[in-house]
Amino acid sequence: SNQVNWSLFDFVVMGVLLFSTSVGVHHILKRTKTLVQRNFLIASILLVFLFIWVELAVGIVGSPFAGD
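Read on for a plain summary of the structure. For clarity, every value in this text was computed on a predicted model and none was experimentally measured. (Residues numbered from 1 in each chain as written. Predicted model: local features only at pLDDT ≥ 70, side-chain atom pairs only at ≥ 80, totals over all residues. Heavy atoms only, no water.)

Examining the overall build of the chain
Convention followed: For the purposes of this entry, the term helix denotes a DSSP run of H or I that reaches at least four residues, the term strand denotes a run of E that reaches at least two, and both are numbered from the N terminus. Throughout, radius of gyration means the C-alpha value; the globule benchmark is 2.2 Å times the number of residues raised to the power 0.38. Categorising residues by exposure relies on relative accessible area from a 1.4 Å probe, with only protein chains included: less than 20% of the type maximum marks a residue as buried, more than 50% marks it as exposed, and the intermediate range marks it as partly exposed.
On a plain count of helices and strands, the chain comes out with two helices and zero strands. By the compact-globule yardstick of 11 Å for 68 residues, the chain is too spread out, its C-alpha radius of gyration being 15 Å. Considered along the principal axes of its C-alpha atoms, the chain spans approximately 50 × 25 × 20 Å. Burial analysis of the chain (68 residues in total) assigns 13% to the buried set.

Observations regarding the packing of aromatic side chains
Cut-off, in case you're wondering: Paired rings are identified among Phe, Tyr and Trp, the last through its six-membered ring, by centres lying within 6.5 Å, and are further divided according to the angle between planes into stacked (under 30 degrees), edge-to-face (over 60) and tilted (the rest).
Enumeration over the complete set of coordinates arrives at two aromatic pairs. An angle of 80 degrees between the planes, with centres 5.6 Å apart, marks the rings of Trp-6 and Phe-11 as edge-to-face. For Trp-6, a relative accessible area of 61% gives the class exposed. You can call Phe-11 exposed: its relative accessible area is 52%.

Considering the environment of Glu-55
For Glu-55, the position within the fold is in helix α2 (residues 35–58). A relative accessible area of 5% means that Glu-55 is categorised as buried. For the pair Glu-55 and Ala-66, spaced 11 residues apart in sequence, the C-alpha to C-alpha distance is 5.5 Å.

Right, dumping it as structure tokens:
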């Protein structure tokens, strides 16, 4: 489609975002003791991931990194 103009940089950024999210979740699973703390921290990481993803895609807060 002509409406989507993805470059190699877009794929690299998403790869880094997915990798860092998975490493963060793995680190939390290994380091936390209580289930409540584990769930809170994993939910926090996933919310940050979703916020960054949406910001890069459509720009919900209008940062300089926002997509068009």
